[in-house]
Amino acid sequence: GTTGTGGSTGVGGRGGTTGSGGSGVTPFFTDDFESDTMGQQPAGFDNFISYNYKTTNPQGDGTGALADATHTHNASKFAVHFKASGGNPVFLERALPTGTNHLYIRVWVFLMNAMGDLPMSGGDNHETLLGLTGDPSNDNTQVRFGQIKGVIGTNQVPTDNIAPIMAQWYGGAVISNGVWHCIQVEFDGSAAYNSLRAYSDGTLIHSITAAADWQNGALPANWMNGMFVDVLFGWQSFSSMANDVWMDDLVMSTGPTTCN
């Protein structure tokens, strides 16, 4: 913390304030989107939109992922706006360093439609917010973090298995709409049983740490194998749930991140 000021004779100085903790690991990628151009795709990313790789952004119906000033974190200049009008994917993708098998992602997220709050009648199947892909040109090899059956969860393809288990569906943590949230997701492909942990504003909201965490039978211990090719960010709903999502202040690291 900062140094306490000295006291007068016979009087002790004030104690220094407590310093905030750091991760101790330098991120290998950060982007606050401030240097991007309004209405254009952020630099340094590929796209996967409407099941097409490196396609026109935005599409003719406005579906796209563009630098935008409508909602920005900490009153900054730009964030990236993902506009999804239906079930088609709207993702930005970026290649990971060769040999990556343990990844921490931190990104600030602003949703028009909340996640994790759907009742049994809500019709939710799965929505993706961010994840990993083993082939950035298609959606057949992915770890998808987002929403499952009205609860924060994960979908893995090609198995199409989902977590959490049915007993936890339609309840639990909510990522609310209309405000910025610090979302942190750890993808640990180095663990004896590959693990995923997700946090919202510092609170653990979802995890996969054992075979029993999967709904449709156990996946093998190396279920993330081959997935650490690209990361993806944006929105896709397999229930055709439209959404507008803004993301800002992205950090990717091989060690824990903070919301600072």
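The coordinates are above.
Cut-offs and rules
Just so you know, the residues in each chain are numbered from 1, in the order the chain's sequence is written. Local features in this predicted model are restricted to residues whose pLDDT is 70 or higher, and side-chain atom pairs enter the listing and the counts only when it is 80 or higher, whereas totals over whole chains, interfaces and linings include all residues. Water and hydrogen atoms were dropped before computing side-chain values, which therefore reflect all heavy atoms in the structure. Only DSSP runs of H or I covering at least 4 residues are called helices, and only runs of E covering at least 2 are called strands; the numbering of each starts at the N terminus. Nitrogen and oxygen atoms within 3.5 Å of one another constitute a polar contact, given that in protein one can donate a hydrogen and the other can accept it, and given that sequence-neighbouring residues count only through two side-chain atoms. Only a pair of cysteine sulfur atoms within 2.5 Å counts as a disulfide in this structure description. A 1.4 Å probe rolled over the protein chains alone gives each residue an accessible area, and that area as a share of the maximum for its type sets the label: buried under 20%, exposed over 50%, partly exposed in between. Any two residues whose heavy atoms approach within 4.5 Å at even a single point are treated as in contact. Take a side-chain nitrogen of Lys or Arg and a carboxyl oxygen of Asp or Glu: if they are within 4 Å of each other, that pair is a salt bridge. Working definition: a ring pair exists when centres of Phe, Tyr or Trp rings (six-membered ring for Trp) sit within 6.5 Å. Plane angles under 30 degrees give stacked, over 60 give edge-to-face, the rest tilted. When DSSP locates at least two bridges between a pair of strands, those strands are taken to pair.

**Student:** Describe the side chain of His102, listing the residues and the values that go with them.
**Tutor:** Examined against the element boundaries, His102 turns out to sit in strand E7 (residues 102-111). A distance of 3.4 Å separates a polar atom in the side chain of His102 from a polar atom in the side chain of Tyr104.

**Student:** Which residues make up the state of the cysteines, and what values do they have?
**Tutor:** Within the structure shown, the criterion is met by one disulfide. Shown here is the disulfide that connects Cys182 with Cys259, its sulfur atoms set 2.0 Å apart. Because the sign of the S-S torsion sets the handedness, a value of about -85° for the bond joining Cys182 and Cys259 places this disulfide among the left-handed ones. Of the two residues, Cys182 sits in strand E12 (residues 180-188) while Cys259 sits in the segment after strand E16 (243-253), which places them 77 residues apart along the sequence. Judged by relative accessible area, which is 0%, Cys182 ranks as buried. Taking the relative accessible area as the measure of exposure, Cys259 reaches 26% and is therefore partly exposed.

**Student:** Go over the environment of Tyr51, please, and point to the residues and values.
**Tutor:** Here Tyr51 shows up in the loop between strand E2 (46-49) and strand E3 (52-53). Taking the C-alpha atoms as reference points, Tyr51 and Gly86, 35 residues apart in sequence, are found 12 Å from one another. Leave out the neighbours within four places in its chain, and Tyr51 touches Gly87, Asn88, Pro89, Asp139, Gln236 and Phe238. A distance of 2.8 Å separates the side chain of Tyr51 from the side chain of Gln236, its partner in a polar contact.

**Student:** Tell me about the pattern of salt bridges, and name the residues and values.
**Tutor:** A complete count under the given rule lists three salt bridges for this structure. In this structure, Lys83 engages Asp244 in a salt bridge whose closest nitrogen and oxygen atoms are separated by 3.9 Å. Highlighted residues: Lys83 in strand E5 (residues 79-84) and Asp244 in strand E16, separated in sequence by 161 residues. When the shortest N-O distance is used, the salt bridge between Arg144 and Asp139 registers 3.8 Å.

**Student:** So what's going on with the packing of aromatic side chains? Which residues, and what values?
**Tutor:** The geometry of an aromatic ring pair is captured by two quantities: the separation of the ring centres and the angle between the planes. Per the stated rule, a full pass over the model turns up six aromatic pairs. Both rings, one in Phe29 and one in Phe45, keep their centres 6.0 Å apart while their planes meet at 85°; by these two values the pair is edge-to-face. Here the residue Phe29 occupies a position in strand E1 (residues 29-31), and Phe45 occupies one in the loop between E1 and E2, the gap between them amounting to 16 residues. Looking at Phe45, the relative accessible area reads 8%, which means it is buried. A network of ring pairs unites the aromatic residues Phe29, Phe33 and Phe45 as a single cluster.

**Student:** Explain the sheet that holds strand E9 (residues 142-148) to me, and be specific about the residues and the numbers.
**Tutor:** Pairing between the strands of a sheet comes from backbone hydrogen bonds, and it takes one of two forms, parallel or antiparallel. Pairing is antiparallel in the open sheet, where eight strands are placed in the order E3-E2-E6-E15-E8-E9-E10-E11. Unpaired on one side and paired on the other, E3 and strand E11 (161-163) mark the two borders of the sheet. With seven bridges connecting them, E9 and strand E10 (residues 151-157) associate as antiparallel partners. Bridging across to E10, Val143 finds its partner in Gln156.

**Student:** Let's hear about unusual backbone geometry: which residues, and what values?
**Tutor:** When glycine is set aside, most residues are seen to have a negative phi, and most peptide bonds are trans. A cis amide bond, omega 25°, links Val157 with the succeeding residue Pro158. Turning to its location among the elements, Pro158 is positioned in the loop between E10 and E11. In the Ramachandran plot, Ser50 falls in the positive-phi region, its phi being about 55° despite a non-glycine side chain. With respect to the helices and strands, the residue Ser50 is situated in the loop between E2 and E3.

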